[in-house]
Amino acid sequence: MAYRRTPAVQARLDAQAGLIVQAATKVLSHAGYAGLSMAAVAAEAGVATGTVYKNFTGKADLVSAVFRKVVAHEVAAVVTASAAGTAVERVTAAVETFAGRALKNPKLAYVLLVEPVDTVVDAERLRFRRAFAQAFESAVAAGVSGGELPAQDAKTSAAALVGAIGEVLVGPLADAPHSESVVPELISFALRALGVRDESDSGVSDADA
């Protein structure tokens, strides 16, 4: 008869894996992907290196698990922040939350966005970007349907915004400390890109009066 784990044993193993993922997240936050090793994670978690390997086949497998956990948390924060309001308010909240949270943990965000990683981890990165794009897409689509934004393909616009924001953050994340103007500038760019007219451009200037 094949051995079947009891609920108590499975719970203990799940807790151990969770502890290792948490430790790996901490290592990534100060050492990046290049600086992470199974031994370093084991030391952070207070377990033997062999225990880490019992739970994860290798570095890429472990970091993929970190990506899934962190991304779920970050996406939830963006979705919650941008769930209500006008299109401008929702997009502003999405950009502010996405970029602001990234800049609070620059090393980890750099890993999530652009640091060279193994192919398996890069696949998780693509899912990460798509998940964020979906949060933006919802706000853009609502703005278009409500007449707040000009007609456009919400999916394309959302993907473009996430790509642009990630590209802009590469510099600040790699070279902290960042400029305090980064997030406001990203918000302004996102709104312009979506066709929101700057109020300062409306009306007649003194020179035209």
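Residues numbered from 1 in each chain as written. Predicted model: local features only at pLDDT ≥ 70, side-chain atom pairs only at ≥ 80, totals over all residues. Heavy atoms only, no water.

Engineer: Tell me what's going on with the overall build of the protein, and back it up with residues and numbers.
Structural biologist: Scanning the protein from terminus to terminus reveals nine helices and zero strands. Mapped from its N terminus to its C terminus, the protein presents α and β elements in the order α-α-α-α-α-α-α-α-α. In the protein, buried positions account for 40% of the 209 residues. Taking contacts inside the protein between residues at least 6 apart in sequence as the whole, the part at least 24 apart equals 67%. Within the structure as shown, the protein displays about 11,300 Å² of accessible surface, and the carbon and sulfur contribution to it stands at 55%. (Helix = DSSP H or I, 4+ residues; strand = E, 2+ residues; numbered from the N terminus. Buried < 20%, exposed > 50% of the residue type's maximum accessible area, 1.4 Å probe, protein only. Contact = heavy atoms within 4.5 Å. Areas by Shrake-Rupley, 256 points an atom, 1.4 Å probe, with all protein chains shown as cover.)

Engineer: Outline the packing of aromatic side chains, supporting the account with residue identities and numerical values.
Structural biologist: Tallying each qualifying case throughout the model produces three aromatic pairs. Seen from their ring centres, Phe98 and Phe136 are 6.4 Å apart, and the 65 degrees between their planes marks the pair as edge-to-face. You can see Phe98 sitting in helix α5 (residues 87–104) and its partner Phe136 sitting in helix α7 (residues 119–145), a full 38 residues away along the chain. The burial state of Phe98 is the same as that of Phe136; both residues are buried. Each ring, one from Phe128 and one from Phe132, has its centre 4.9 Å from the other, and the planes form 90 degrees; the classification is edge-to-face. Placement of the pair is Phe128 and Phe132 together in helix α7, with a separation of four residues, close to one helical turn. Residue Phe128 is classed as buried on the basis of its relative accessible area of 3%. Of the residues examined, Phe132 reaches a relative accessible area of 2% and is grouped as buried. Through a chain of ring-to-ring contacts, three or more aromatic side chains come together here, namely Phe98, Phe128, Phe132 and Phe136. (Phe/Tyr/Trp six-rings, centres within 6.5 Å; stacked < 30°, edge-to-face > 60°.)

Engineer: An account of the nonpolar core is needed here, citing residue identities and associated values.
Structural biologist: Ranked by internal contacts, the top residues of the largest apolar core, which has 62 residues, are Leu62, Phe136 and Leu169. Of all elements in the fold, only α1 (7–31), α2 (38–45), α4 (59–81), α5, α6 (106–113), α7, α8 (154–174) and α9 (182–193) reach the threshold of two or more residues within this core. For this core, the element with the most residues is α4, which contributes 10 residues. (Core = buried A, V, L, I, M, F, W, Y, C linked by side-chain atoms within 4.5 Å.)

Engineer: Tell me what's going on with the side chain of Arg90, and back it up with residues and numbers.
Structural biologist: Mapped onto the fold, Arg90 is located in helix α5. The side chain of Arg90 sits in the buried core without any salt bridge; Glu148 is the nearest counter-charge, 7.5 Å away. In this structure Arg90 touches Ser82, Ala83, Ala84, Gly85, Ser138, Ala139 and Ala142, once residues within four positions along its chain are discounted. (Lys, Arg positive; Asp, Glu negative; His and termini not counted. Salt bridge = Lys/Arg side-chain N within 4 Å of Asp/Glu carboxyl O.)

Engineer: Can you explain the confidence of the model for the protein? Please cite residues and give values.
Structural biologist: In the predicted model, the protein carries a mean pLDDT of 88, and the fraction of residues at 70 or more is 89%. Averaged over each element, pLDDT in the protein is lowest for α8 (87) and highest for α2 (97). Every residue in residues 201–209 scores below 50 in pLDDT, and together they form two contacts with partners more than four places removed in sequence or on other chains. (pLDDT = per-residue confidence, 0-100.)

Engineer: Hey, could you go over α5 for me, with residue numbers and the actual values?
Structural biologist: An α-helical segment advances 3.6 residues per turn. Residues three or four places apart therefore align on the same side. Between the first and last C-alpha of α5 there are 25 Å, a value that for 18 residues agrees with the 26 Å anticipated at 1.5 Å per step. Along α5, the residues that are buried comprise Ala87, Arg90, Val91, Ala93, Ala94, Val95, Thr97, Phe98, Ala99, Gly100, Ala102 and Leu103. (Expected span 1.5 Å × (residues − 1).)

Engineer: I'd love a proper account of the pattern of salt bridges, names of residues and values included.
Structural biologist: For the coordinates displayed, the defined rule picks out four salt bridges. Glu124 is the salt-bridge partner of Arg127, the closest N and O atoms lying 2.9 Å from each other. Of this pair, Arg127 and Glu124 both sit in helix α7, three residues apart, roughly one helical turn. Overall, the relative accessible area of 12% leaves Glu124 in the buried class. One salt-bridge network, held together by shared partners, links Arg68, Glu124 and Arg127.

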